[in-house]
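Working through the structure, step by step
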Amino acid sequence: MAKKAQDLSLMIAKVFNECQESNAIHARKMKELMALRASSPGRFVEPYWKTLRPLFLAQKRVLGTERLVKVLAGFAAYRDEKNAQDSDAFLEEFLKMLLSLSSASHKTIRFRSCQIISEIIMRLPDDAEVSNDVWDEVIDCMKQRMQDKVPTVRAFAVRALARFASDSENEDIVDLYRQVLAGEHNAEVRKMLVLSMPPSKLTAMDVIERTLDISDSVRNSAYIVLAKNFPLQSLSIKHRAIILQRGLADRSLSVTKECLKMLKDSWLTNSSHGDPINLLKFLDVETYELVGEAVMEELLKTGMVPFQDGLCIDQFVIPVQVTNNGNGSRGIPLIEAEVALYWRTLCAHLQTEAQAKGSDAAATAGAEAAVYAAVASDNNDLLEKLLPATVADYVDLVKAHLFAGPNYRFTSRQLLLLGVMLDFSDASNRKVASAFIKELLYRPLEHEVDEEDGTKVLIGDGINLGGDRNWARAVSDLARKVHASAGEFEDVVISVVEELACPCRERGADFMQWMHCLAVTGLLLENIKSFKSLRGKPIEASEILHSLLLPAAKHIHMDVRRVAVRCLGLFGLAEGKPSHEMVKQLRISFINGPSSVSIIAGKALFDLAMWHSPEEVDRAVGLGLSTPSPDDNGISPSGNSCDGDDDLGLGVVDLLYSGFDREQWDNCSDAGDHQTVRAVLAEGFAKMLLQSKNYPSISSSMHPLIFGKLIKLYFSEETKELHRLRQCLSVFFEQYPALSDDHKRSISEAFIPTIRAEWPGVNGQSGSPVMVSAQRRRATQMSHFMLQMMQAPLYKFFEEGQENQSNEKDSSSPTDLKLDTLGLESGEEGLAIRIGVEVVSYPIKKTAAGKSYLSALCKAVVLLHFRPSEQEAIKCMRKLLGCMAELVQVDKLLLKELNALASHIKALDEHPDQELSLDRTKFIFGKLGLDDKFDIEELSTSAPTPVAPSTRRTTTRRRVRPAVSSDDEDASPPCPMPVTSVTIATRSQRVSKTAAMSKMAAKNLELEASDEESDLTSEETADRSDYEFAFEGQGNAIDEREKVKKRENGSPVSSRSQAKHVLGAVAQNELE
């Protein structure tokens, strides 16, 4: 009987070995296994299971083992109709065995069991005969494995539950999927979760969120799931636009390809029946115009829009019945928004292709040039068929849509953009188009009348022509196309401005007329490079400023002031030098204006400062080059005290900086741009700091102050909804430390003041325990964020001089070369000394806030790195570490980290026995600006770190502290304590107690060391990755008696080897 079982095991093992060679023989080998099972009823399971044991100890996912897993799953899932009962019984018994191993302590066993279970479930037919109890056990077990610490186990557990998640009775599985996906850190597990999500309204949101995942494979899987499980009609218009916007602009080429595949195969072919216009109707192009343009560009590039020979304008003009109340021509058919966008993008594509092919034809010769020329000619011919026959027909078409009302405003703008492709070389065509351009400029702003009080309510942004920036840009492009000659565009627009400004200069215009005139003026100022083009015109630049812009900036209506301030900013950019009246009015508007006006004024002042330089802007108002230097709090006079006379004498940079502390701007935002004044200031200062070398007039002492404000805004709860600001600052913080060593010095100088101002209780602020905890957590995050910026490598091109110096040094990587060029003020050593001085010199150390603050600083300093080249900084830091360790004696873990740092920098010290002189210490502290914050002589008189404990009896009273090991005592000596008069008797009574405590501490340290060693060894896994799957011989459990004999004979057995053998024995026992 035993021989038959052994023969059966050998035959099964032979089949397993052959299955690993090729996938082509899997079907034949599965038949052989079924024949062996049929020939040995009741005796097949036990040898089959024993033969599989080595597979569960194989860590590497090599090709052979993966093939074997597929065979095992296929054999278990296949239901032999001749022996159906045996097949069902084997499946249930095999699943139960796998479930018993899925909870094993050995991670490889859990991984293999979950892998085989998931593969079986994926291969099972829908009518498989398995009892409900077994399925319930599978579901419960896989739910537990989803919380496993091994990512691969979690991934296969998710895959095993995928077929159960679609069942309405198992809604808890979907809830578990969503819960785990929100907090999962492993990309492969997130990918499996996304692929396993069943289609529903709740899961659609989770899958769409994964289109922003940090992993390319997860984003790619999200688009696969969206194309497969979520039809276009099941998604909202907003979600459709978000999906396409993210996918088409993704940085990964594979994700973009998958998005295009979804767009073509699923959305265009299946849901839109291959019609691009129907697809655009699903996207609501009037709201998401940029998405519609991107879709059309991709479809045109890939040839998904066929060009028919009979394509003409008549195919795009769809008749629509509209009542025009007697205005315009009712005989001209109107065009829908989707058709207008399709028409415009198609014509733009044909024009671009024709120009590109024409350029290629001109650059080549022979047959290739003829081919390119023929293609360009075909595109031009097709373009002529699509465009209106004459300019007059085009003008009539646009006017018909303008008179049709606001519902056709989008179509009208698309037609204006289409007009740029027409030919205006003929004089008659230009005359018709010029008259139409004037009509557009004279067209008043759209508004509504309130039925209750009869007031006019403006429609649009109230700044640009037509109430829309895109509309103003379309009118400007068409006007410059029609009036392409030099000075012709300015003549036409300035004549309109002169006529519109007449009632404004006579003070008889209402606010709508003021805003219309200023909108056309802004259109003019945006499209001129200098005021030289306005010389000799009916109204010149000085008249525009004094008779139009300055009076409008003082208008009683807020919207008029807002538009006027914007025009003032454009006026200043066109000037050779900023004028006194213009700069003064912008400053007054920024100080005294409401939030919406201050936002525009702040943008204008930043633009002027960056275009003309801050000193030029200050010189315009008579401030010259010298401005008041900021104090420790930033600006000495508060921004709230600024009045309309602007007599404070602040420079433009100081004035803008004072805006961070203005209380009247709290929680005030411009509803149109979703911006606040602080957001505008942060964005402007971020640009200035990035290009700080271009603005030498800005004092270097201002840089840390500005940087600290930006850090606070980035981590503030108030800016969570300001997505533009957070995106701007995230890019800024990524680039700023890598551009220059001066930037790193600013970060180092801003570290202590920023963390100290944000730490609760340090500066008097307090609150509930929950609030205090949140503030501490935010301050800690800020400190770690700044540490990461300090450790970021510099770009290679940051300075040629430092580049040459770094090339002379020996280093293995370009990054190290860049870090070696940093000075003490810009390096991590300087920041470490700043932190050490702050910890030692902090006055209030016994309060809860003070203790937590100092502890956070000490935790930050252990994360810094020291370069061997900075020997003086290392010696200085060794002295500071001794005093820092004395202040954190209660926190044993932190004390251990400080001691480890002390040992590390001691090893870096080339001459650890030599002390740093007092003069060199003063020099270092003066270089870092710390000479006035700490008593350097007191630090110099203390012993360097480490130092051996003194054995001389003194009368100094020592505080009882928990004893530490000898290594810790060497690394961190006590800081000099004030001498207190005590009796020798008191000292002698404490000697025995101190000695006893030292012995107890030493014993505890030994126990802790042994516990740590055991923890490390217990976490080691058996290295069974190099298994040779020769299934003819079975691996036996490790014989511990052999190990005992080796120890008795004196053979060395390492702790790591012992751990491997012990875990291997445990794994074998679990398989038993």
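Owing to the predicted nature of the structure, the values given are computational and were not obtained by experimental measurement. (Residues numbered from 1 in each chain as written. Predicted model: local features only at pLDDT ≥ 70, side-chain atom pairs only at ≥ 80, totals over all residues. Heavy atoms only, no water.)

1. Concerning the overall build of the protein chain
How we decide: Strands are runs of DSSP state E lasting at least two residues, helices are runs of H or I lasting at least four, and both sets are numbered from the N terminus onward. Residue contacts follow a heavy-atom distance rule, with two residues in contact if any of their heavy atoms lie within 4.5 Å. Note on areas: Shrake-Rupley, 1.4 Å probe, and residue coverage restricted to the protein chains presented here.
Across its full length, the protein chain carries 48 helices and four strands. Once local pairs closer than 6 in sequence are excluded, the contacts in the protein chain between residues at least 24 apart make up 72%. Within the structure as shown, the protein chain displays about 52500 Å² of accessible surface, and the carbon and sulfur contribution to it stands at 50%.

2. Quick notes on the environment of Leu 518
Heads up, the condition is: The buried label goes to any residue with under 20% of its type's maximum accessible area, the exposed label to any with over 50%, and the partly exposed label to all in between, with areas taken from a 1.4 Å probe on protein chains only.
In this fold, Leu 518 is placed in helix H25 (residues 511–526). Residue classification places Leu 518 among the buried positions, given a relative accessible area of 0%. It is 8.4 Å that separates the C-alpha atoms of Leu 518 and Val 497, two residues lying 21 residues apart in sequence.

3. Some points on the packing of helix H41 (residues 871–887) against helix H43 (residues 918–927)
For clarity, the cut-off: Where helices are involved, their axes are fitted lines through C-alpha atoms of the stretch in contact, as for all axes, and angles between N-to-C directions lie from 0 to 180°. Should an angle fall under 35 degrees it is called roughly parallel, over 145 degrees roughly antiparallel, and 65 to 115 degrees roughly perpendicular, with every other angle called oblique. Amino acids outside the nonpolar list (Ala, Val, Leu, Ile, Met, Phe, Trp, Tyr, Cys, Pro) and the charged list (Asp, Glu, Lys, Arg) are all regarded as polar, and Gly is one of them.
Packing of H41 against H43 leaves a shortest axis separation of 11 Å and a crossing angle of 95°. Put simply, H41 runs roughly perpendicular to H43. Of the residues in H43, those touching H41 at Glu 872, Ala 873, Cys 876 and Lys 879 are Arg 920, Thr 921, Ile 924 and Phe 925. Here the contact of H41 with H43 is composed, by residue class, of four nonpolar, one polar and three charged.

4. Side note on unusual backbone geometry
With a phi angle near 55°, His 273 is a residue other than glycine that sits in the positive phi range. Relative to the helices and strands, His 273 resides in the loop between helix H15 (253–271) and helix H16 (276–283). Phi is positive for Asp 284, which is not a glycine, with a value near 55°. By the element assignment, Asp 284 lies in the loop between H16 and helix H17 (289–301).

5. Some thoughts on the packing of aromatic side chains
For clarity, the cut-off: The criterion for an aromatic pair is that two Phe, Tyr or Trp rings (for Trp, the six-membered ring) have centres within 6.5 Å, with stacked assigned to planes under 30 degrees apart, edge-to-face to planes over 60 apart and tilted to the rest.
Scanning all chains against the criterion turns up 28 aromatic pairs. Taking the centre distance of 5.3 Å and the plane angle of 70° together, the rings of Tyr 714 and Phe 733 count as edge-to-face. Here Tyr 714, found in helix H33 (residues 702–714), pairs with Phe 733, found in helix H34 (residues 723–739); they are 19 residues apart in sequence, far enough to count as distant. For the pair Tyr 714 and Phe 733, one class covers both residues: buried. Pairing Tyr 842 with Tyr 853 gives two aromatic rings, centres 5.2 Å apart and planes at 55°, and the pair type is tilted. Of the two residues, Tyr 842 sits in the loop between helix H39 (828–841) and helix H40 (848–861) while Tyr 853 sits in helix H40, which places them 11 residues apart along the sequence. The pair Tyr 842 / Tyr 853 is uniform in exposure class, with both members buried.

6. Some details on the environment of Gln 351
As for its placement among the helices and strands, Gln 351 is situated in helix H18 (residues 337–363). Separated by 70 residues in the primary sequence, Gln 351 and Met 421 have C-alpha atoms spaced 7.8 Å apart. Setting aside anything within four residues of it in sequence, one finds Gln 351 in contact with Leu 383 and Met 421.

7. What to know about the packing of helix H5 (residues 84–101) against helix H7 (residues 132–145)
Filter applied, for reference: For any pair of crossing helices, the crossing counts as left-handed if the nearer helix is rotated counterclockwise from the farther one by less than a right angle, and right-handed if it is rotated clockwise.
Put simply, H5 and H7 touch, their axes get as near as 11 Å, and they point 25° apart. The angle between the axes of H5 and H7 places the two elements in the roughly parallel class. H7 is crossed by H5, and the crossing has left-handed handedness. Residue-level inspection shows Glu 92, Leu 95, Lys 96 and Leu 99 of H5 in contact with H7, the latter providing Val 134, Trp 135, Glu 137, Val 138, Cys 141 and Met 142. Classifying every residue of the contact of H5 with H7 gives seven nonpolar, no polar and three charged.

8. Let's talk about the confidence of the model for the protein chain
Filter applied, for reference: Looking at any residue, its pLDDT shows the predictor's confidence there, from 0 to 100.
Averaged over all residues, the pLDDT of the protein chain is 81; the fraction at 70 or higher stands at 78%. Residue range residues 625–647 is modelled with pLDDT below 50. Its contacts to residues more than four positions away, or to other chains, number 42 contacts.

9. Regarding H34
Inclusion rule: How far a helix is expected to stretch is found by multiplying one less than its residue total by 1.5 Å.
Taking 1.5 Å of rise per residue, the 17 residues of H34 would be expected to cover 24 Å, and the 25 Å separating its terminal C-alpha atoms lies within 8% of that figure. Within H34, the full set of buried residues consists of Leu 725, Leu 729, Phe 732, Phe 733, Tyr 736, Pro 737 and Ala 738. For H34, the secondary structure elements touched by its buried residues are helix H32 (677–690), H33, helix H35 (741–758) and helix H36 (769–791).

10. Quick notes on a negative patch on the surface
In plain terms, the rule: Patch membership requires more than 30% relative accessible area and the absence of a salt bridge. Residues of like charge join within 9 Å; the nonpolar side chains Val, Leu, Ile, Met, Phe, Trp and Tyr join within 5 Å. Throughout this description, the term salt bridge denotes a Lys or Arg side-chain nitrogen within 4 Å of a carboxyl oxygen of Asp or Glu. The convention is simple: Lys and Arg are positive, Asp and Glu are negative, and His and the chain ends are not counted. For the purpose of locating charges, the reference atoms are NZ of Lys, CZ of Arg, CG of Asp and CD of Glu.
A contiguous patch of negative charge, built from Asp 133, Asp 136, Glu 137 and Asp 140, is present on the exposed surface. Assessed through its relative accessible area of 43%, Asp 136 is described here as partly exposed.

11. Focus on the side chain of Ser 412
Heads up, the rule is: We define a polar contact as two N or O atoms separated by no more than 3.5 Å, with the added condition that, inside protein, one atom must be a possible hydrogen donor and the other a possible acceptor, whereas residues neighbouring each other in sequence contribute only through side-chain atom pairs.
Turning to its location among the elements, Ser 412 is positioned in helix H21 (residues 409–418). A residue is classified by how much of its surface remains accessible, and Ser 412, at 1% relative accessible area, is buried. Among the polar contacts made by the side chain of Ser 412, one reaches the main-chain carbonyl oxygen of Tyr 408 at a distance of 2.8 Å. Non-local contacts of Ser 412, meaning those with residues more than four positions away in its chain, are made with Val 398, His 401, Leu 402 and Trp 471.

12. What to know about the pattern of salt bridges
Counted by the stated rule, this structure contains 41 salt bridges. The closest approach of N and O atoms between Asp 172 and Lys 143, which form a salt bridge, is 2.2 Å. With Asp 172 in helix H10 (residues 171–183) and Lys 143 in helix H7, this pair connects stretches of sequence that are 29 residues apart. Using a relative accessible area of 38% as the deciding quantity, one classes Asp 172 as partly exposed. Overlapping salt bridges, with partners in common, bring together Glu 289, Glu 293, Arg 344 and Arg 413 in one network.

13. Some points on the side chain of His 516
Tracing the sequence through the fold places His 516 in helix H25. A distance of 3.3 Å separates the side chain of His 516 from the backbone oxygen of Arg 443, its partner in a polar contact. Filtering out sequence-adjacent residues up to four positions away, His 516 remains in contact with Leu 441, Tyr 442, Arg 443, Pro 444, Leu 445, Leu 465 and Leu 500.

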